[in-house]
Amino acid sequence: CGCVLAEGLLTTTYTEEEHLREVAYSHSTGQKEQLSRCLQRGIRRVQDLCKVLQLPMVFEETAVSYFQRALQHPSFHLVSLEKKELLGGCCVFVTCRQRNWPLTMGTICSLLYAKQELFASVYLSLQKELGLSVPALSLGDLVKTHLNSFRLFQHAADIPAPFVEDKEKMVTRTMQIVELASETWLVTGRHPIPIVTAAAFLSWQSLQPATRLTCTFTRFCKLAGVDLPPPAHLRLKELLEILLRMASQLAWLRVFNMDKKTVVKHIGDLLQHRIFLLKTAFCLEDGEEQHTAAPGEGSPGEGSPGSPPAAGEAAQEEGCPSEGKRQCEGGPRPLLPPCLINPRKRLRTAALSASDSAITGDEPISDSEIEQYLRGPEEIRAFRKAKAW
Amino acid sequence: FKDDLSTSPQLFTPMSPYDVDLPIQTTEDVLFSSQFNQPKELPTDDFSVDLSFLPDITQDNKEQNLSEDGHEMQKELDGSTSRNEDSSIFTHESTLSYPDASQPSPGATDVYPPVTPMTPMTPVTPASESSGIVPQLQNIVSTVNLACKLDLKNIALHARNAEYNPKRFAAVIMRIREPQTTALIFSSGKMVCTGAKSEEQSRLAARKYARVVQKLGFPAKFLDFKIQNMVGSCDVRFPIRLEGLVLTHQQFSSYEPELFPGLIYRMVKPRIVLLIFVSGKVVLTGAKERSEIYEAFENIYPILKGFRKAS
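Residues numbered from 1 in each chain as written. Chains lettered and ligands numbered in written order. Predicted model: local features only at pLDDT ≥ 70, side-chain atom pairs only at ≥ 80, totals over all residues. Heavy atoms only, no water.

### A word on the overall build of chain B
- Each helix and strand counted, chain B has nine helices and ten strands in total.
- Out of the 311 residues belonging to chain B, those deemed buried represent 54%.
- At a minimum sequence separation of 6, the contacts of chain B that also span at least 24 residues come to 67%.
- Accessible surface, chain B: about 13700 Å² in total, of which carbon and sulfur atoms supply 53%. (Helix = DSSP H or I, 4+ residues; strand = E, 2+ residues; numbered from the N terminus. Buried < 20%, exposed > 50% of the residue type's maximum accessible area, 1.4 Å probe, protein only. Contact = heavy atoms within 4.5 Å. Areas by Shrake-Rupley, 256 points an atom, 1.4 Å probe, with all protein chains shown as cover.)

Right, dumping it as structure tokens:
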């Protein structure tokens, strides 16, 4: 063992001692040197992120260990500094998701000032290279966390009194609406936050429709102090459509001419009977679960006018037989994702024609066919002049 | 989403790949039932074709596999976690009936048919057992070595169908009409050909590009033509609960709706990446041979069908 020192620093007599500096343990043992500066900086960044997000200590340890593993991996060792910085954020993100801590990519990206595409590519590589299995984002948890950032639960100067709402009630109802959205295919494949925002708006409106029906979605988000992501309007529209269809199955609501505004008043009822209403309002694809369409929930008073007469009337009105036949002749629409209900007209690439499939790959190639791709001499001259090559 | 989970608690039983009390016969390579000898029995139900004798082979390890013991064969097939998972998850389904477990697996050594490497061919409509859906090839990427240095500026000047922006990309981009494809031609003489709908088309197109380069005065050859990637797509025609699929097949799936609407499924055997969408459309990529695309789809179809019932 031994370190090489510069000349002249080793003194022989006490009087020559000038540099009375203590040598730190980490210095003498080279502990810090074992970790590259890049790794040190990265680890610090991961730790800072965890502190900002107020994550439990164990999360920090996990995230740091992922980060160290990742940086050692050949595919990350030589990436740009920008990517290495994102890598730290990815490790924190993965840790949170694995422990069901609802953290969205949007949040992490804004903390890192990162472009989402770049973050996405680093995240996917990390997942693949380290073989990490990341569970899906729990919507229930996301609702709770997202609603935490809403400003409507306490009185404030700029918020009209009737707009303030009880947090518990709003969380419960928003969760129910989000679950409803999930059952009706509005959630799969879509960004989660716009759905939660739209559900929050509907739940807030329905808790006190008298005063809140006039408030627009945009105004609601402004008052609540949250962003209104563009897809949220579409999600709201889709949710209202589902609710309207469900409302058409409630006998005592049929007398009203329901529209997008009025249905909000009855969201409470619709949610209460949602399982039954979904079964009658929509044609389930396989229909095997449809038979047990007993109104399991709800009081008998509400249930009985609901079930047989409603089903019967539904059969008359909408043509879907109450035995649960699979075919719905233009009646209740099938319960399908919106992309299947409104398919965008797309050019379908035709399957290989017979002549195409007969190609062997060894066909002779005629000269004329190739020559059509070559420029003639005059063309070349003109081109040369134009391009000044 | 809560309702989904409550109706199928079996989905959460942990399992190990060797824990499955199941015969090895699973849906695999059903396509080849017509190419090779008929399976021992023609079942009426799904997924009970006995194709265990078919090894997962390439030209290289053909000889090795032919001498493999039947038991080793079984282990290899059992070890594929993806198939085992779905088999054991869905054994409660009445439609998936498996042949009697006590039936001896065919001795692999004596049933090996004379195997030819998977020559590309138009897919034969499978008999009855499989999905009945054939993925359509959408894109083939191939490479070839023209084995001579090329002057890209010269090529761009003399060829009508060439594009060359050295500041943006260091290759000539050339296109031909028939087969409708695009080629990237590099100064090293290497070439990439994309856009063809079949292996043969890709080869024909690559040859045409090589001829163009030849006619421009370069001593282009046609060495090491190789299919690098094949992309196929199809439609299972029912919606899929991606959030459920990612729960039960976590180690293979990546579903991030914040990033991408589809679920990315990395199948181990064959090594294919599938993009599965809520609409039921499936994209398969990463294949070097078209049989891998068909096999991958036949593997995923029962998994997806299982989700249809559960939702």
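Moving on from the coordinates now.
### Concerning the packing of aromatic side chains
- Summed over all chains, the structure comprises 15 aromatic pairs over all chains.
- With centroids separated by 5.3 Å and ring planes inclined at 75°, the aromatic side chains of A:F59 and A:W101 adopt a geometry described as edge-to-face. A residue pair is termed long-range when its members are at least 10 positions apart, and A:F59 in helix α4 (residues 57–72) and A:W101 in the loop between α6 (81–98) and α7 (105–112) qualify at 42 residues.
- With a centroid separation of 6.4 Å and an interplanar angle of 50°, the aromatic rings of B:F238 and B:Y301 are classed as tilted. Of the two residues, B:F238 is situated in the loop between β6 (223–235) and α8 (242–248) and B:Y301 in helix α9 (residues 290–310); the sequence distance between them amounts to 63 residues. B:Y301 shares its class with B:F238; the two are buried.
- Members of the aromatic cluster, connected to one another through ring pairs, are A:F150, A:F163, A:F201, A:W204, A:F217 and A:F220.
- When the ring centre of A:F383 is taken as reference, the NZ or CZ atom of A:R375 above it lies at 3.7 Å. (Phe/Tyr/Trp six-rings, centres within 6.5 Å; stacked < 30°, edge-to-face > 60°. Lys NZ or Arg CZ within 6 Å of the ring centre and 35° of its normal.)

### Quick notes on the pairing of strand β1 (residues 136–145) of chain B
Residues and elements named next belong to chain B.
- In terms of burial, β1 is largely enclosed, as seven of its ten residues are buried.
- Bridge count between β1 and strand β5 (residues 190–196): six bridges; the pairing is antiparallel. Bridge pairing in β5 links V141 to T194. (Pairing = 2+ DSSP bridges.)

### Considering the interface of chain B and chain A
- With 53 residues of chain B in contact, the opposing surface of chain A contributes 66 residues.
- Across the chain B/chain A interface, buried area totals approximately 5400 Å², and carbon plus sulfur atoms make up 54% of it.
- Taken together, the links from chain B to chain A amount to seven salt bridges.
- Linking B:K208 and A:E369 is a salt bridge whose minimum nitrogen-to-oxygen distance equals 2.5 Å.
- On inspection of chain B and its partner chain A, the count reaches 27 residue pairs in polar contact (both at pLDDT 80 or more).
- Elements with a contribution of two residues or more to the side of chain B that touches chain A: α1 (2–7), β1, α6 (152–158), β3 (171–176), α7 (199–215), α8, β7 (253–255) and α9 of chain B.
- Of all the elements, α7(B) adds the most residues to the side of chain B that touches chain A, at nine residues.
- Split by residue class, the side of chain B that touches chain A holds 18 nonpolar, 13 polar and 22 charged. (Buried area = accessible area lost by both parts, 1.4 Å probe. Salt bridge = Lys/Arg side-chain N within 4 Å of Asp/Glu carboxyl O. Polar contact = N/O pair within 3.5 Å; in protein donor to acceptor, adjacent residues only side chain to side chain. Nonpolar A, V, L, I, M, F, W, Y, C, P; charged D, E, K, R; others polar.)

### What about the confidence of the model for chain B?
All names here are of chain B.
- With 58% of its residues at a pLDDT of at least 70, chain B reaches an overall mean of 73.
- Counted against residues more than four places away or in other chains, residues 1–48, with its pLDDT under 50, gives 111 contacts.
- Predicted confidence for residues 56–112 stays below pLDDT 50, and this span has 100 contacts to residues more than four positions away or in other chains.
- Taken over the whole predicted complex, pTM reads 0.68, whereas the ipTM for its chain interfaces reads 0.74. (pLDDT = per-residue confidence, 0-100.)

### Some remarks on the pattern of salt bridges
- On inspection of all chains with the given rule, the structure shows 19 salt bridges over all chains.
- Residue A:R97 pairs with B:E256 through a salt bridge whose shortest N-O separation is 3.0 Å. Of this pair, A:R97 sits in helix α6 while B:E256 sits in the loop between β7 and β8 (263–267), on two different chains. The same class applies to A:R97 and to B:E256, which are both buried.
- One salt bridge connects B:R160 with A:E379, and the closest N-O pair in it is separated by 2.9 Å. In this pair, B:R160 sits in the loop between α6 and β2 (162–163) while A:E379 sits in helix α22 (residues 377–387), so the two residues belong to two different chains.
- Judged by its relative accessible area of 30%, A:E379 falls in the partly exposed class.
- In this structure, a network of salt bridges that share partners links the residues A:D367, A:E371, B:R211 and B:K215.

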